[in-house]
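Topology and contacts: notes
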Amino acid sequence: MEFNITLNNAWWIILPSAILFFTLLCLILLFKPILRLMIKLVANDMSSKLLSEKYTQNLAEFIPSMKRFSLLNTIELSLRAEHGEIIMRPLGSPKHFLGFENLMFTLKQMRKPALPDATPIDMSVQIGIKAKKPLNIKIPLMISAMAYGMALSEEAKIALAKASKQLGTVTNSGQGPFLPEEAEEADKYVLQISRWPWGARTDEQIETADMLEVLMGHGAYLGTSALEFGKLEGRAQELGGLNPNQQAIPFPLPPGVQQTKDWKNFIKLLRKRANGKPIAIKLMATDDLEDDLSEAIDLGFDVIVLDGAQGGTHASTPITEDDFGIPTLNALIRARRFLDNCFKGKDITLIIAGGFFTPGQCLKALALGADAIYLATVPLFALAHNQIQKVMPYEPLTTLVYYDSPAKTKYNIEVGTASVVNTLNSMVLEMEEALRALGKSSLKELTPDDLVALDRDTAEVTGVRRVF
């Protein structure tokens with residue numbers, strides 16, 4: 001009797017589960033044919049409309065439209081229509097210019113064999129040779145200017161500074177307010193003299209730097225557009241010396257330069273404040289390049305930083321990114337020739353920036369006469385590596401490192417530091433391998449003769465022989 005009661009109770013437990021199982025099994029078996037039928041009906045209806053309805057009533061209207069202007073153009077037109085304001089696009093122009101892709105390294109395999117794998121390679125660079133206190137770095141890759149407060153968070157800037165110290169290279173303050181923790185963490189530090197109210201910098205801030213860099217422009221930005229009202233707030237606003245409701249507005253020229261005739265006195269005072277450290281000027285590369293270089297060198301700058309049209313930025317107008325400047329390759333070749341022909345023996349350091357993403361591109365630029373390369377996009381994306389799950393898929397990965405993002409508090413500085421170190425170390429190791437293959441043990445042995453051009457345009461621009 002007890003056994004029958006127990007068995008009946010068991011059936012009451014098992015039966016609903018069995019019904020549910022068989023129901024799910026039937027749904028699964030039916031799902032595929034039902035889904036195929038639905039897809040077929042939708043596809044038939046859509047193809048019928050696409051192939052029969054007038055363009056004015058047809059979604060296919062987008063096809064010729066998109067062939068005339070891109071998806072990016074469509075998005076930016078919509079943003080203009082929505083807000084009626086200047087668009088601020090991140091990370092530079094999407095345009096593709098003549099670059100380093102059609103340059104290839106060439107070997108003398110029988111006459112100059114490759115060096116053994118264990119051969120040490122001298123990758124060091126001395127910047128500002130004619131200065132009393134030149135800047136010495138272990139690798140030719142430098143972390144470029146990314147502004148605290150106006151672009152990156154405190155956490156991101158500290159991670160970059162720590163990475164630069166481990167790599168034996170420099171990090172650049174950018175044009176934002178001075179961040180004391182960044183200067184403390186960095187072993188080698190470049191401080192920008194920028195065109196903002198705080199841009200003159202104090203003597204104490206200059207004392208922390210190993211090089212000063214006067215910012216006139218860069219590849220994706222030139223001009224005097226103000227920050228959006230309220231964008232610079234919190235600690236960055238305090239460090240910038242701004243009142244709570246004060247809008248940050250840049251000057252046409254660095255603080256202390258009202259007219260071009262003021263440049264000489266400006267440089268004289270800055271040289272005194274620098275106390276023997278190199279002074280650089282950062283320029284947007286334009287077709288007036290030779291005139292700009294001549295003026296800068298006559299004023300006594302030790303270092304020239306050129307940012308080509310491929311240069312990026314936290315945010316700049318599409319017209320500035322797409323329609324100003326000249327490509328990085330053209331800028332590098334013209335600058336190198338001008339310096340060699342007109343200022344031979346003056347030991348002017350040439351640093352190039354704008355559109356460098358691979359070790360091959362960097363090494364080719366060094367072969368063509370650059371003394372060092374500034375990188376920004378590469379370390380920026382490396383910063384977010386292994387942490388993108390904190391913001392993706394709802395936000396872009398760079399949200400993690402921006403100053404005005406709530407997600408910045410989730411950022412792990414030590415993980416970010418390791419990612420940047422790994423990325424740049426990997427690039428340098430590849431460059432060293434390439435030098436060994438060329439039979440060279442130092443960057444200083446690299447010349448344009450180590451390259452060959454694959455097309456007529458690249459050969460004509462660079463002066464490198466063309467492959468036939």
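No experiment lies behind these values; they were computed from the predicted model shown.

Cut-off values and rules
Residues numbered from 1 in each chain as written. Predicted model: local features only at pLDDT ≥ 70, side-chain atom pairs only at ≥ 80, totals over all residues. Heavy atoms only, no water. Helix = DSSP H or I, 4+ residues; strand = E, 2+ residues; numbered from the N terminus. Expected span 1.5 Å × (residues − 1). Buried < 20%, exposed > 50% of the residue type's maximum accessible area, 1.4 Å probe, protein only. Contact = heavy atoms within 4.5 Å. Axes fitted to C-alpha atoms, helices over the stretch in contact; angles between N-to-C directions. Parallel < 35°, antiparallel > 145°, perpendicular 65-115°, else oblique. Left-handed = near helix turned anticlockwise from the far one by under 90°. Nonpolar A, V, L, I, M, F, W, Y, C, P; charged D, E, K, R; others polar. Phe/Tyr/Trp six-rings, centres within 6.5 Å; stacked < 30°, edge-to-face > 60°. Salt bridge = Lys/Arg side-chain N within 4 Å of Asp/Glu carboxyl O.

1. Things to note about helix α4 (residues 154-167)
Across its 14 residues, α4 extends 20 Å between first and last C-alpha, which sits within 8% of the 20 Å expected from 1.5 Å per residue. Inspection of α4 places A156, K157, I158, A159, L160, A161, K162, A163, S164 and L167 among the buried residues, and these make up the whole buried set. Turning to α4, the residues buried within the fold contact β4 (141-145), β5 (170-172), α5 (180-185), β6 (188-193), α13 (377-383) and α14 (413-437).

2. Considering the packing of helix α9 (residues 289-299) against helix α11 (residues 328-342)
α11 packs onto α9 with a crossing angle of 50° between their chain directions and a minimal axis gap of 10 Å. Judged on the interaxial angle alone, α11 and α9 are oblique. Handedness of the α9/α11 crossing: right-handed. Each of L289, E290, L293, S294 and I297 in α9 lies in contact with α11, whose residues at this interface are A331, R334, A335, F338 and L339. Taken together, the residues of the contact of α9 with α11 sort by class into seven nonpolar, one polar and two charged.

3. A look at the packing of aromatic side chains
When we look at a pair of aromatic rings, we describe it by the centre distance and by the angle of the planes. One pass over the structure, following the stated rule, counts six aromatic pairs. Ring geometry for W263 versus F266: centroids 5.5 Å apart, planes at 90°, classification edge-to-face. A residue pair is termed a helical-turn pair when its members lie 3 or 4 positions apart in one helix, as W263 and F266 do in helix α8 (residues 263-274) at three residues. Each member of the pair, W263 together with F266, is buried. Ring centres 6.4 Å apart and planes at 70° place the aromatic pair W263 and F301 in the edge-to-face group. Of this pair, W263 sits in helix α8 while F301 sits in the loop between α9 and β9 (303-307), placing them 38 residues apart in sequence.

4. Observations concerning helix α12 (residues 359-367)
Where burial is concerned, most of α12 is hidden: eight out of the nine residues are buried. Within α12 the residues assigned to the buried category are P359, Q361, C362, L363, K364, A365, L366 and A367. Of the residues trailing α12, G369 is marked for its positive phi of about 120°.

5. Some remarks on the pattern of salt bridges
Under the criterion given, the structure shown has 13 salt bridges. Linking K444 and D122 is a salt bridge whose minimum nitrogen-to-oxygen distance equals 3.6 Å. Remark: D122 occurs in the loop between β1 (103-105) and β2 (125-127) and K444 occurs in the loop between α14 and β12 (451-453); sequence separation between them is 322 residues. Overall, D122 belongs to the partly exposed group, its relative accessible area being 33%. Linking K162 and E414 is a salt bridge whose minimum nitrogen-to-oxygen distance equals 3.3 Å. Within this pair, whereas K162 is found in helix α4, its partner E414 is found in helix α14, the two being separated by 252 residues in sequence. Within this structure, E154, E181 and R235 form a network of salt bridges that share partners.

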